[in-house]
Amino acid sequence: MTDYSIEAAGLTDLDQLVRVENACFQTPWSRESLSALLSDQTKCLCLVACRQESEFRRVVGYIGLIHVLDEGEIANIAVHPEYAGQGVGFALLEAVKQFCAESGILTIHLEVRPGNAPALALYRKCGFLLTGRRRGYYSDTGEDALLMAWNVM
Ligand SMILES: CC(C)(COP(=O)(O)OP(=O)(O)OC[C@H]1O[C@@H](n2cnc3c(N)ncnc32)[C@H](O)[C@@H]1OP(=O)(O)O)[C@@H](O)C(=O)NCCC(=O)NCCS
C-alpha cells in the first residue's frame, strides 16, 4: 500500500485507535490508556498511518513511544489486519527511529511475546537486537517477554 501518510496523532484519533487496537489484540489497551498516550505529548509520541478515503481520514495503524531523556520504549504498534503485510508497520517504526535520532534519544527498548512471529520479524528487520527475557511478564497468559533494543549509531 503506498497511498498512506504517517502523521502525529491527536485526541481526535482516539476512536480510530481504539478500533485498530481492538482488531489487533486479544488483550487490547483500554480507551483510557490510549487516551493517556495521546495526551502526554511531553513524554509520549504517537504516530498514525492514515489513508484519505474521500472525506474520511482512516487510521490504519499506529505506534506509541514513551521517552525519558535519551531512552525510549515502544509502548505499542498495531496495524489493522485489513492493511497488514503492506509495509505500514515498517514505515511507522522507521518514522519513530527517525524521531529518536533527531531528538537525542539514543536507545529504543521494547518487549514482545516469543510467539509473535510477525512482530519479531518486523523488529529484526528494523535493526532491533535481542537483549534479554523477562519471565512471566504478560499477566494475561503468563508468557515471558523477549526484550529487544535498537541504538542510534
Ligand atoms: C506486527 C505488525 C505491526 C506488522 O505490521 P505490518 O504492517 O503488517 O508489517 P509490514 O508489512 O510493514 O512488514 C514489515 C516486516 O515485518 C515482518 N512481517 C510482517 N508480517 C509478517 C507475517 N505475517 N509473518 C512474518 N513476518 C511478518 C516481515 O519481516 C516484514 O518484512 P518483509 O515484508 O520484507 O518480509 C502487525 O502484524 C500487527 O499489527 N500485529 C498485531 C499487533 C501486534 O502484535 N503488535 C506488536 C506488539 S509487540
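So, here is what we can say about the structure in this document.

Under the defined criterion, the tally for this structure stands at 13 salt bridges. A salt bridge links aspartate 3 to arginine 51; the nearest nitrogen and oxygen atoms lie 3.2 Å apart. Placement of the pair is aspartate 3 in the segment before strand E1 (5-8) and arginine 51 in strand E2 (residues 44-53), with a sequence separation of 48 residues. Overall, aspartate 3 belongs to the partly exposed group, its relative accessible area being 46%. The salt bridge partner of arginine 113 is glutamate 143, with a shortest N-O separation of 2.7 Å. In this pair, arginine 113 is assigned in the loop between strand E5 (107-112) and helix H4 (117-125) and glutamate 143 in the loop between strand E6 (129-134) and strand E7 (145-151), connecting sequence segments 30 residues apart. Taking relative accessible area as the criterion, arginine 113 reaches 24% and is therefore assigned partly exposed. Given the relative accessible area of 27%, glutamate 143 is considered partly exposed. Through salt bridges with shared partners, a single network forms among Asp3, Arg51, Glu53 and Arg58.

Relative placement of two packed helices is described by the angle separating their axes and the distance separating the axes. Their axes nearest at 10 Å, the elements helix H3 (residues 88-103) and H4 cross at an angle of 45°. Our classification of the angle between H3 and H4 gives oblique. By crossing handedness, the relation of H3 to H4 is classed as right-handed. Residue-level inspection shows Gly89, Phe90 and Leu93 of H3 in contact with H4, the latter providing Leu122, Tyr123 and Lys125. Of the residues in the contact of H3 with H4, the class split is four nonpolar, one polar and one charged.

What follows deals with the nonpolar core. Grouped together as the largest cluster of nonpolar side chains are 29 residues, with contacts concentrated most on Val96, Tyr123 and Phe128. For this core, the elements supplying multiple residues, two or more each, are E2, strand E3 (56-68), strand E4 (71-79), H3, E5, H4 and E7. The greatest single-element share of this core, amounting to six residues, is contributed by H3. Listed in part, the 15 residues of the second largest apolar core include Leu17, Leu37, Val48 and Val59.

Note on placement: glycine 85 falls in the loop between E4 and H3. Residue class for glycine 85 comes out exposed when judged on its relative accessible area of 84%. Here the alpha-carbon distance between glycine 85 and tyrosine 123, two residues 38 residues apart in the chain, equals 14 Å.

Before going further, it helps to examine the site of the ligand. What surrounds the ligand is a group of 21 residues, the closest being Val79, Gly87, Gly89, Asn116 and Lys125. Note that an oxygen atom of the ligand is positioned 2.8 Å from one of the backbone N or O atoms of glycine 89. In the complex, the protein chains occlude 69% of the 920 Å² of accessible area that the ligand would expose alone. Secondary structure elements with two or more residues in the shell around the ligand: E4, H3, E5 and H4. Counting residues per element, the shell around the ligand draws most heavily on H4, which supplies six residues. Its residues placed into classes, the shell around the ligand shows 14 nonpolar, five polar and two charged.

Definitions and cut-offs
Residues numbered from 1 in each chain as written. Predicted model: local features only at pLDDT ≥ 70, side-chain atom pairs only at ≥ 80, totals over all residues. Heavy atoms only, no water. Salt bridge = Lys/Arg side-chain N within 4 Å of Asp/Glu carboxyl O. Helix = DSSP H or I, 4+ residues; strand = E, 2+ residues; numbered from the N terminus. Buried < 20%, exposed > 50% of the residue type's maximum accessible area, 1.4 Å probe, protein only. Axes fitted to C-alpha atoms, helices over the stretch in contact; angles between N-to-C directions. Parallel < 35°, antiparallel > 145°, perpendicular 65-115°, else oblique. Left-handed = near helix turned anticlockwise from the far one by under 90°. Contact = heavy atoms within 4.5 Å. Nonpolar A, V, L, I, M, F, W, Y, C, P; charged D, E, K, R; others polar. Core = buried A, V, L, I, M, F, W, Y, C linked by side-chain atoms within 4.5 Å. Near = heavy atom within 4 Å. Polar contact = N/O pair within 3.5 Å; in protein donor to acceptor, adjacent residues only side chain to side chain. Areas by Shrake-Rupley, 256 points an atom, 1.4 Å probe, with all protein chains shown as cover.

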